[in-house]
Amino acid sequence: MIAASHDDGYWLGFDLGGTKMHAGLFDRKLQAVGHRRKKTRGHEGAEAGVERICNSIEKLLAELDVPATQLRGIGVGCPGPLDLDKGVIIEAPNLGWKDVALKDQLEKRFGCPATILNDVDAGVFAESKFGAAIGARTTLGVFPGTGIGAGLVYEGRIFRGRKSSCLELGHIPVVPNGAMCGCGRRGCLETVASRLSMSAEIAKAAYRGQAPQLMRVAGTDLANIRSGTLAEAIREGDAIVEKIVRDGARHLGVAIAGAINLLLPDIIVLGGGLVEALPKLFVEEVEAALANHVMPAYVGTSEVKVAKLGDDAGALGAAAWIRQLVEEKAVKS
Ligand SMILES: [Zn+2]
């Protein structure tokens, strides 16, 4: 095989998750050249964390025999809120980090342009370019999990807010005086439709003896009630687990109906572990909610699809985004 010339160069996409980090190296056509995954260990502090990110990139480059001088750009999908212009992670509660100037540190270390973007936006951007929503003018991505992430790609660009990313669908208020949300407000969508809120209700049902299959595989500890566990309990016949998850998916669908009335996207991409484990259930419930709640003139305009790219979407989307910024000369190189 002939090695790629220096002019072609490589793009590095990085997905910084609460528990795992994933570095992906891509060629000029954004074909994957190699991946490296390890634990994030956010609790060790931001300085150690940034060192771990840099180390992970350096090891991947060494493994693939690519010198850092051939890197044309680095994109990092991060949990928010972020200062997108300065490239600073303002706060990442899951990692315990505050005010981390990640863009500057990466640019100094690797001598190429870098950018940070919201991790969900990175995934939605990848789906719009290479996955379930190729060719769409407007793609709304919705990823229910521990929380509920969402992102919007409009005419080939990630839709963003003034300083930070936006599209916090999980924090749309849906229940006046409802349960306390992780964000500090009450009654957000996440309090009725995230995996955490469904799991809490399911754990209560299991404690009452109403979900014997779930009790058998996971008990009542929320940390053990994962997406795969819920799917297994439903398959094995726990009717109450199915009812609670369907109710959550229906709530999600009602909020998506509101988003459709605002944005009228071509395609809604549903993704994340929960949807991967129960794709049919989620598509059915969301479509049913849309049929009831989308403004009649808009019914049937937006298509609901399941994400195609799985775990690799974050790193691929981050690489594709920095490539786009460099090619548009939107970042200094
Ligand atoms: Zn909230």
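Keep in mind that what you see is a predicted model, and the values were worked out from it rather than measured.

Draft legend 1. Geometry of the packing of helix H7 (residues 227-235) against helix H8 (residues 239-263). Following both chains from N to C, one finds H7 and H8 inclined at 125°, their axes separated by 7 Å at the closest point. Regarding the angle of H7 to H8, the classification is oblique. Remark: the crossing between H7 and H8 carries left-handed chirality. Seen from H7, the contacting residues are Leu230, Ala233 and Ile234; seen from H8, they are Val241, Glu242 and Val245. Taken together, the residues of the contact of H7 with H8 break down into five nonpolar, no polar and one charged.

Draft legend 2. Expanded view of the domain arrangement of the chain. As far as domains go, the chain holds domain 1 (10-124 + 312-327) and domain 2 (135-307). Facing the 13 residues of domain 1 at the interface are 16 residues of domain 2. Carbon and sulfur atoms make up 57% of the surface buried where domain 1 meets domain 2, a total of about 1,200 Å² over both sides. Three residues, Leu84, Asp121 and Val124, lead the burial of domain 1 against domain 2; their summed loss comes to 43% of the area buried on that side.

Draft legend 3. Inspection of helix H10 (residues 279-293) at higher detail. Taking 1.5 Å of rise per residue, 15 residues should cover 21 Å, and H10 covers 21 Å from first to last C-alpha, within 8% of that figure. Within H10, burial applies to Leu281, Phe282, Val283, Glu285, Val286, Ala289 and Leu290.

Draft legend 4. Summary view of the environment of Asn55. Assignment of secondary structure puts Asn55 in helix H1 (residues 46-63). Separated by 47 residues in the primary sequence, Asn55 and Leu102 place their C-alpha atoms 14 Å from one another. Apart from residues lying up to four places away in sequence, Asn55 is in contact with Lys38 and Arg109.

Draft legend 5. Local environment of the coordination of the zinc ion. Distances from the zinc ion to its protein donors, His171 (ND1), Cys181 (SG), Cys183 (SG) and Cys188 (SG), fall at 2.0 to 2.3 Å. Taken together, the four donor atoms coordinating the zinc ion span angles of 103 to 122° at the metal, a pattern that classifies the geometry as tetrahedral. Of note, the zinc ion draws all its donor residues from one chain, in the sequence arrangement H-x9-C-x1-C-x4-C. A relative accessible area of 41% places Cys183 in the partly exposed class.

Draft legend 6. Summary view of the environment of Glu127. Counting through the fold element by element, Glu127 comes out in helix H3 (residues 119-130). On the basis of relative accessibility, which here comes to 1%, the residue Glu127 falls in the buried class. Sequence separation between Glu127 and Arg162 is 35 residues, and the spatial gap between their C-alpha atoms is 24 Å. Residues in contact with Glu127, not counting those within four places in the same chain, are Ala132, Ala133, Ile134, Val269, Ala307, Lys308, Leu309, Gly310 and Ala313. Reaching out from Glu127, the side chain makes a polar contact with the backbone nitrogen of Lys308 at a distance of 3.1 Å.

Draft legend 7. Broad picture of the sheet that holds strand E5 (residues 82-83). The antiparallel open sheet is built from three strands, whose spatial order is E5-E6-E7. Looking at the sheet topology across the chains shown, the edges are occupied by E5 and strand E7 (97-100). Where E5 and strand E6 (residues 88-92) come together, two bridges link them in antiparallel fashion. For Asp83, the partnering residue across the bridge sits in E6 and is Val88.

About the cut-offs
Residues numbered from 1 in each chain as written. Predicted model: local features only at pLDDT ≥ 70, side-chain atom pairs only at ≥ 80, totals over all residues. Heavy atoms only, no water. Axes fitted to C-alpha atoms, helices over the stretch in contact; angles between N-to-C directions. Helix = DSSP H or I, 4+ residues; strand = E, 2+ residues; numbered from the N terminus. Parallel < 35°, antiparallel > 145°, perpendicular 65-115°, else oblique. Left-handed = near helix turned anticlockwise from the far one by under 90°. Contact = heavy atoms within 4.5 Å. Nonpolar A, V, L, I, M, F, W, Y, C, P; charged D, E, K, R; others polar. Domains from an automatic or database assignment. Buried area = accessible area lost by both parts, 1.4 Å probe. Expected span 1.5 Å × (residues − 1). Buried < 20%, exposed > 50% of the residue type's maximum accessible area, 1.4 Å probe, protein only. Donors = N, O, S within 2.8 Å, 3.2 Å for Na, K, Ca; no water. Tetrahedral: all angles 85-135°; square planar, octahedral: opposite > 155°, others 65-115°. Polar contact = N/O pair within 3.5 Å; in protein donor to acceptor, adjacent residues only side chain to side chain. Pairing = 2+ DSSP bridges.

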